[in-house]
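Structure assessment
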Amino acid sequence: MDAPRYPPPATMMQSFADAVYRVHGDGEVISLRIGQPNPAMAALMARHGARHGGLVTGENPFGQEKPPAENAAANEALRAAIDDLGLVRVTSDGGSEDGTWNEPGFLVLGGDDGILDQLSRQFRQAAWVRITTDGTAHLAACHYPLASSGEEPCWPAGVVPGP
């Protein structure tokens, strides 16, 4: 079955667009904002020989809050999945400016957009952050069918309005 796929709700994507993303690597913390080039991020990627990368997390699948232990286990599984692919990973996090929402994750270097989208979808994420050569962060939405489709993975009931 090939049900229609839907992006995350606009309000969810706006929260992601307004977030600050931080990469903790090479002894520095690099803060990223969607749509803004970041020379420090570009330099970190260049040091790793990467032309692009992405930020992914295993936490809070489909933008739905989960208990801390469940989130930690998901991020540990994500870490293992990245390592199994032989990709470079650097600790990262992203969330609200005021710190009321924060999700640890990883900057992944060495994979193309298809691999990063696959990892994000494997861990049921609503979106991930693509980073280009100049260090600019861009949101990349993950599309899923509705729960009523019977397909997996799918948006949980009530998260994305139907057609």
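Fair warning: this is a prediction, and the values are worked out from it, not measured in the lab.

Membership of the largest hydrophobic core comes to 41 residues, with the highest contact counts inside it found for Leu-32, Met-41 and Leu-107. Aside from chain neighbours lying at most four places away, what touches Met-41 is Val-23, Ile-30, Leu-32, Leu-107, Ile-131 and Gly-135.

Alternating positions in strand β3 (residues 53–56) separate into two faces, Gly-53 and Leu-55 on one and Gly-54 and Val-56 on the other, with burial throughout. Here four bridges tie β3 to strand β5 (residues 102–109), and the two strands are oriented antiparallel to one another. Directly across from Val-56, in β5, lies its bridge partner Phe-106. Note: β3 against strand β6 (residues 127–131), three bridges, orientation antiparallel. What sits directly across from Gly-53, in β6, is Ile-131.

The next subject is helix α2 (residues 39–47). For the α-helix, the turn length of 3.6 residues means that residues three or four positions removed from each other point alike. Regarding α2, the residues found buried are Met-41, Ala-42, Leu-44 and Met-45. The arc enclosing the buried residues of α2, seen along the axis, measures out at 160°, which places them on a common side. Exposed and oriented more than 90 degrees from the buried face of α2 are Pro-39 and Ala-46. On its buried face, α2 is in contact with β1 (20–25), β2 (28–32), β3, β5 and β6. Sitting at the amino-terminal end of α2 is Asn-38, which places a side-chain oxygen 2.9 Å from the backbone nitrogen of Ala-40. Positive backbone phi, approximately 70°, marks Gly-49, located one or two places after α2.

Cut-offs and rules
- Residues numbered from 1 in each chain as written.
- Predicted model: local features only at pLDDT ≥ 70, side-chain atom pairs only at ≥ 80, totals over all residues.
- Heavy atoms only, no water.
- Core = buried A, V, L, I, M, F, W, Y, C linked by side-chain atoms within 4.5 Å.
- Buried < 20%, exposed > 50% of the residue type's maximum accessible area, 1.4 Å probe, protein only.
- Contact = heavy atoms within 4.5 Å.
- Helix = DSSP H or I, 4+ residues; strand = E, 2+ residues; numbered from the N terminus.
- Pairing = 2+ DSSP bridges.
- Arc of directions from axis to C-beta.
- Polar contact = N/O pair within 3.5 Å; in protein donor to acceptor, adjacent residues only side chain to side chain.

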